[in-house]
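Letter by letter, the chains look like this.
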Amino acid sequence: MPKLLVYADYTADGLHGLLQEGAATRVQAVRKAVESLGGQLEAFYWSFSDHHVVGIVDVPDNAAAAGLSLAIMQSGQVRVHSTPLLTAAEVDAGIMRGAQYRPPGG
C-alpha cells in the first residue's frame, strides 16, 4: 500500500472549527475518511511549524490518495499537501529499471 506524508494547513474558518470541536475530534474525522477509502491512518501530529498538521497515511492506490485530498480540500477549510514515501526496496527497484536519461547539454 502506498504510504504518504501529509501536511495540512487550516484556513481561518478551519481553525475556528478546530477550536470549537477540539483536536481529538479532527483526528477521528481524518481516521474515518482514510478508512472509508480502505486506508489506514498511521500517525497524526499537530505542529508549530509551517504546517498545522503532519500525518502519515497508507492508502490502497493513488486514486484513493486523490479522493482523500479532494474530499478534505473541498471544504475550503483545510489545504492538503501529500508526499509519497518510498522504502529502500522501492528505490532499489527504481534503480534497477535503468531509466535512460540524457542531461541538458550532455
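Relevant structure appears above.
Remember, predicted model here, so these are calculated numbers, not experimental data.

Calculation rules
Residues numbered from 1 in each chain as written. Predicted model: local features only at pLDDT ≥ 70, side-chain atom pairs only at ≥ 80, totals over all residues. Heavy atoms only, no water. Phe/Tyr/Trp six-rings, centres within 6.5 Å; stacked < 30°, edge-to-face > 60°. Helix = DSSP H or I, 4+ residues; strand = E, 2+ residues; numbered from the N terminus. Buried < 20%, exposed > 50% of the residue type's maximum accessible area, 1.4 Å probe, protein only. Salt bridge = Lys/Arg side-chain N within 4 Å of Asp/Glu carboxyl O. 1 Å grid on protein atoms, 1.4 Å probe; cavity = no way out; pocket = protein on both sides within 12 Å on 5 of 7 lines; lining within 4 Å. Points joined across faces, edges and corners; volume = space filled by probe spheres on them. Nonpolar A, V, L, I, M, F, W, Y, C, P; charged D, E, K, R; others polar. Pairing = 2+ DSSP bridges.

**Some details on the packing of aromatic side chains**
As enumerated under the stated definition, the model contains 2 aromatic pairs in all. Ring geometry for tyrosine 10 and tryptophan 46: centres 6.0 Å apart, planes at 20°, overall stacked. Of the two residues, tyrosine 10 sits in strand β1 (residues 3–10) while tryptophan 46 sits in strand β2 (residues 40–46), which places them 36 residues apart along the sequence. According to the relative accessible area criterion, tyrosine 10 is buried, its value standing at 10%. Ring geometry for phenylalanine 44 versus tryptophan 46: centroids 5.3 Å apart, planes at 65°, classification edge-to-face. On the accessibility criterion, tryptophan 46 (35% relative accessible area) is partly exposed. One aromatic cluster in this structure is built from Tyr10, Phe44 and Trp46.

**Re the pattern of salt bridges**
Counted according to the given criterion, the structure contains 3 salt bridges. In this structure, the salt-bridge partner of glutamate 42 is lysine 3, at a minimum N-O distance of 2.4 Å. One end of the pair, glutamate 42, is in strand β2; the other, lysine 3, is in strand β1, with 39 residues separating them in the sequence. Under the relative-accessibility criterion, glutamate 42 is labelled partly exposed at 43%. The partner of arginine 26 in a salt bridge is glutamate 21, with the nearest N and O atoms 2.9 Å apart. Residue class for glutamate 21 comes out partly exposed when judged on its relative accessible area of 44%. Each of Lys3, Glu42 and Asp58 takes part in salt bridges that share partners, so that together they form one network.

**Digging into the layout of surface pockets**
Roughly 480 Å³ of volume is contained in the largest pocket. Every residue lining the largest pocket is counted, 31 residues in all, and those nearest its centre are Tyr10, Arg26, Val30, Ile72 and Val78. For the lining of the largest pocket, the secondary-structure elements that each account for two or more residues are β1, α1 (12–21), α2 (23–36), β2, β3 (53–58), α3 (62–73) and β4 (78–85). Looking at the lining of the largest pocket residue by residue, the classes come out as 21 nonpolar, 7 polar and 3 charged.

**Here we look at the pairing of β1**
β1 sits mainly inside the fold: 6 of its 8 residues count as buried. One ladder, built from 8 bridges, connects β1 with β4; its direction is antiparallel. Looking across to β4, one finds that lysine 3 is bridged to leucine 85.

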